[in-house]
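# Understanding the architecture of this molecule
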Amino acid sequence: MCGHRRTGHDMFEILEELPPDPILGVTAAFKRDTSPDKVDLGVGVYRDEEGGTPVPKAVVEAERQLIASQTTKSYVGPVGNVEFNERIVALALGPLASKLASRTATIQSVGGCGALRLGAELVRSSKPDALIHVSDPTWANHEPLIGSAGVKLERYPYFDPARQAVAFDKMHDYLGRLPAGAVVLLHACCHNPTGADLSEEQWLALAETFERRGLVPFVDMAYQGFGDDLETDARGLRMLAERVPELLLALSCSKNFGLYKERVGALAIVAKDAKTAAAIATHERRQARRMYSMPPDHGAAIASRILADVSLRKSWIDEVASMVARMKSLRVLLASKLAERMPERDWNWLNQQRGMFSLLGLTDVSIQRLRDEHHVYVPPDGRMNVAGISDQNVDYVADAVTALLK
Ligand SMILES: Cc1ncc(COP(=O)(O)O)c(C=O)c1O
């Protein structure tokens, strides 16, 4: 108490302290740990061999150019940086972007999270009783982020832990029975947290079902370029966009551009015709204005410059490719270290999965012990950030994981 008289009407008195965020809390706990052995496989940021998350060279150069040429910090408006919006959608949709341009309403967002939330707000305002179907499991922030917009959520089958792969028949069967107009959140690539992605044939089958059944895909593409490459990772999204009349797309530049804290993303909604897209654009802008008015410009201006400049773009694509190569080689390395210790198990799934994440397949108790006894930090769902592995810690991590599996 600081001497104020209690009136019984204190507004915030009823608020109780919340438990830590499932993912961000891991970083805080890791920082508090004083063990020299500690390993952070928690929050989803790319790490290099030294454990750092570097600023890509193209970002450094684009930022330098931007600062040198900037003449004003005046407002950009709720839709954000229009050139960025066009370029980032073109990166995602490829040649389809210009074909769909008149039917697409894009707004810059506060990271991929902002795009997901804006999308959910618009779904709810056009269909107050809408249900959004999310994969089981999904990224720990999807449900709070989308659910807080007031939409109801349901989970569809996605992952088969025994095979460490997509339970495609179950997924397809479930989605194939949803009523027309049902909204389905899909991870475009690098599924978070499982790392298990759909094959090209599975995407095609899904896209045909979405078209036939009138389902609405809400595609979350937070890791374009982190699976195989920028084009391959967008394959499934493009198959859907080619076929369905309506689609929501949440884009993020956090991981592939390394622009995490600049908070850069976009929401693109493809509508059935140009008139509807124009109306959607007004709703996107109104929703942004009501929630935060306008997105920050700095990071979007950087990404936009990189996408438009031939040499910056090439430098950036090369750097993304080297990050992917590192993640793939870490998967091979970890799989081989685990196989040395437990040859009776198949570890090849680690090489088949894509992106930064995989589920370790540990029980809740083992996940806690991994942290308490071995100082290896993963979120409560057991999701490992592969990029947190290095030549220095891989034996230590493999020892810890296999000790808990034996
Ligand atoms: C699946 C998924 N979607 C969206 C995001 C959004 O990221 P951000 O808001 O940082 O751009 C993330 C970030 O971790 C993610 O993993």
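Residues numbered from 1 in each chain as written. Predicted model: local features only at pLDDT ≥ 70, side-chain atom pairs only at ≥ 80, totals over all residues. Heavy atoms only, no water.

### Focus on a nonpolar patch on the surface
A cluster of nonpolar side chains, contributed by M11, F12, I14 and L15, occupies part of the molecular surface with about 540 Å² of accessible area. The residue L15 is located in the segment before α1 (24-32) in this model. The class of L15 is exposed, set by a relative accessible area of 58%. (Patch = residues over 30% accessible without salt bridge, like charges linked within 9 Å, V, L, I, M, F, W, Y side chains within 5 Å. Areas by Shrake-Rupley, 256 points an atom, 1.4 Å probe, with all protein chains shown as cover. Salt bridge = Lys/Arg side-chain N within 4 Å of Asp/Glu carboxyl O. Helix = DSSP H or I, 4+ residues; strand = E, 2+ residues; numbered from the N terminus. Buried < 20%, exposed > 50% of the residue type's maximum accessible area, 1.4 Å probe, protein only.)

### Some remarks on the sheet that holds strand β10 (residues 264-270)
Reading across from one edge, β2-β10-β9-β8-β7-β3-β4 is the order of the 7 strands in this open sheet, with mixed pairing throughout. Two strands close off the open sheet at either side, each with one partner strand: β2 (104-110) and β4 (152-157). Recorded for the sheet is a direction-independent mean angle of 25° between the axes of neighbouring strands. Across 4 bridges, strand β8 (residues 216-221) lies against strand β9 (residues 247-252) in parallel orientation. Among the inter-strand pairings, M221 is bridged to a residue of β9, identified as L251. (Pairing = 2+ DSSP bridges. Axes fitted to C-alpha atoms, helices over the stretch in contact; angles between N-to-C directions.)

### Here's the deal with the state of the cysteines
The final tally for this structure, using the stated rule, is 0 disulfides. The thiol of C113 is not disulfide-bonded; the next cysteine sulfur, from C253, is found 13 Å away. Among the cysteines around C190, which has no disulfide bond, C189 carries the closest sulfur, lying 3.9 Å off. (Disulfide = S-S within 2.5 Å.)

### Focus on the site of the ligand
If you check the shell around the ligand, you find 13 residues, and the closest are G112, D220, Y223, S252 and S254. Within the backbone of G112, a nitrogen or oxygen atom sits 2.7 Å from an oxygen atom of the ligand. C113 has a polar backbone atom sitting 2.8 Å from an oxygen atom of the ligand. Protein chains bury 92% of the 390 Å² of accessible surface belonging to the ligand in isolation. Looking at which element gives the most residues to the shell around the ligand, the answer is helix α5 (residues 111-126), with 4 residues. (Near = heavy atom within 4 Å. Polar contact = N/O pair within 3.5 Å; in protein donor to acceptor, adjacent residues only side chain to side chain.)

### Examining the pattern of salt bridges
One pass over the full model with this rule turns up 22 salt bridges. Two residues, E61 and R64, come together in a salt bridge whose shortest N-O distance is 2.9 Å. In this pair, E61 and R64 are both assigned in helix α2 (residues 57-69), 3 residues apart and thus about one turn of the helix distant. Residues R238 and E231 are paired through a salt bridge, measuring 2.7 Å at the closest nitrogen-oxygen approach. By relative accessible area, which is 45% here, E231 ends up partly exposed. Each of K337, E340, R341, D395 and D399 takes part in a single network of salt bridges with overlapping partners.

### Details of the pairing of β8
In terms of burial, β8 is largely enclosed, as 6 of its 6 residues are buried. Sheet topology note: the strand β7 (residues 183-187)/β8 ladder contains 5 bridges and is parallel. Its bridge partner lying in β8, V184 is registered against P217. In this region the chain leaves β7, passes through helix α8 (residues 200-213) and returns to the parallel neighbour β8; the handedness of that crossover is right-handed. Read as a crossover between parallel neighbours, the route from β8 over helix α9 (residues 235-243) to β9 is right-handed. (Right-handed = clockwise from strand over helix to strand, strands pointing away.)

### Regarding the packing of helix α3 (residues 82-93) against α9
Working note: a packed helix pair is described by the angle between its axes plus the distance between those axes. Two elements in contact, α3 and α9, have axes whose closest approach is 8 Å; the angle formed by their N-to-C orientations is 100°. If you check the angle between α3 and α9, you find them roughly perpendicular. Judged by residue contacts, L91, A92 and L93 of α3 engage L237, R238 and A241 from α9. Taken together, the residues that form the contact of α3 with α9 break down as 5 nonpolar, no polar and 1 charged. (Parallel < 35°, antiparallel > 145°, perpendicular 65-115°, else oblique. Contact = heavy atoms within 4.5 Å. Nonpolar A, V, L, I, M, F, W, Y, C, P; charged D, E, K, R; others polar.)

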